Amino acid sequence: MRAVVFRGEGVVHTADVPEPALVEAGDAIVRVRLAGICGTDLHVVHGAIPMDPGSVLGHEAAGAVESVGAGVRSVSPGDRVVASFQIACGACWFCRNGQTGLCEQHRMLGGGPFGGDLHGAQAGFVRVPLADVNLLRIPDGVADEAAVFVGDVLTTGVYAASLAEPGADDVVAVLGAGPVGACVTRALVADGARHVVVLDRDPARLDAIAAFGTRTVDVGETNPEMALARMTDGRGADIVIDAVGSAEAYGSALEIVRRGGRIVIVGVYTSQRVELQLGVAWIRGISLVFAGETPVQALWGRTMDRVATGALDPTPLVSHRLPISAAVEGYDLFERRIATKVVLDPWA
């Protein structure tokens, strides 16, 4: 089968690799119909998350069940499914209490040695362990292009919105208009948030976000702290959601949040370090909420239901649909921010 393979730091390519096989009774083999390229994949490619050369990349996939192990009960061959990017056990204390992102047996598709050495989903087929926990059936009428978001980034948006808990009059500032920020914004608006402001330095991405009726700030043209001060009689944003995962975004969040406000950090951080003036944060009464990995399995049923009813539609984010042979181009487009979301078709 064709797959996107990690060759070494900064280098990916498409290659022929062996098809996966059932290993354990709870496994399923999924024939991938669409696989997404995610910002976390860039962390892997550039060495922030270790990966062995020759490993298959990717953790976002929608497809159809090809075969199942003897212990699988919830899905059958032929079922359309989306895979969770994280592979949770479903049985530990954290999983039983809806915190699957903190699973004691945590693994991740295409996540390298620290993700359990599982091959990824940018391939013709992917093996999904513990399929009863980590596969969700796709309802009739939901397109693959919408469903593929449910296993990661759209459910992450729903999670971030739930952590923000905005009141009716709260001003919520979302840092980043990329796929995560766009999904956070969609979820906030769907939940009824009335005062959402999205900040980015890419005018094209901001224009797309503005279609939701949200306000936008081009931080390449306008100082974000001054912009939020003007919108809030000088107070600053009630809630700030960092959907970027960079030291610059974290610093900006601290600058634009009001005294007594809340910062929700959903962007992915690895080894970055920043200096926090504890006394300043204390006297300002700031709440810092580190989201960690999204508990996908606790939220994706709700997310899928909202996709099925049309309350959430992530498909406008798909800017490029490419054959897997063009994966290198897709990674380049995504990294240079030309693409908002790239999906790969392993069979095109």
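(A) Structural detail: the nonpolar core. By size, the foremost hydrophobic cluster in this structure holds 48 residues, and its most contacted members are F149, L188, I241 and M304. Elements with a contribution of two residues or more to this core: α4 (144-147), α5 (153-164), β10 (171-175), α6 (179-190), β11 (195-200), α7 (203-210), β13 (237-242) and α11 (296-309). If one sorts the elements of this core by residue count, α5 sits on top with seven residues. With residues near it in sequence (within four places) discarded, F149 still touches L154, T155, C183, P314, L317, V318 and K341. V12, I37, V44 and I324 belong to the second-largest nonpolar core, a separate cluster that totals 20 residues.

(B) The arrangement of the pairing of strand β12 (residues 215-218) in detail. As defined by bridge partners, β11 adjoins β12 across four bridges and the pair is classed as parallel. Across the sheet, V198 pairs through a bridge with T216, a residue of β12. Traced from β11 through α7 to β12, the parallel crossover comes out right-handed.

(C) Structural detail: unusual backbone geometry. A positive phi angle, close to 45 degrees, is found at L130, a residue other than glycine. You can call L130 partly exposed: its relative accessible area is 30%.

(D) Summary view of the state of the cysteines. Under the defined criterion, the tally for this structure stands at zero disulfides. The structure places no disulfide on C92, whose sulfur is separated from the nearest cysteine sulfur, that of C95, by 3.7 Å. Residue C103 stays outside any disulfide, its sulfur separated by 3.6 Å from that of C89, the closest cysteine.

(E) Main features of the pattern of salt bridges. In this structure the tally under the stated criterion is 14 salt bridges. Where D144 meets R33, a salt bridge forms, and the shortest distance between an N and an O atom there is 2.9 Å. Remark: R33 occurs in strand β3 (residues 28-37) and D144 occurs in helix α4; sequence separation between them is 111 residues.

Quick notes on the rules
Residues numbered from 1 in each chain as written. Predicted model: local features only at pLDDT ≥ 70, side-chain atom pairs only at ≥ 80, totals over all residues. Heavy atoms only, no water. Core = buried A, V, L, I, M, F, W, Y, C linked by side-chain atoms within 4.5 Å. Buried < 20%, exposed > 50% of the residue type's maximum accessible area, 1.4 Å probe, protein only. Helix = DSSP H or I, 4+ residues; strand = E, 2+ residues; numbered from the N terminus. Contact = heavy atoms within 4.5 Å. Pairing = 2+ DSSP bridges. Right-handed = clockwise from strand over helix to strand, strands pointing away. Disulfide = S-S within 2.5 Å. Salt bridge = Lys/Arg side-chain N within 4 Å of Asp/Glu carboxyl O.

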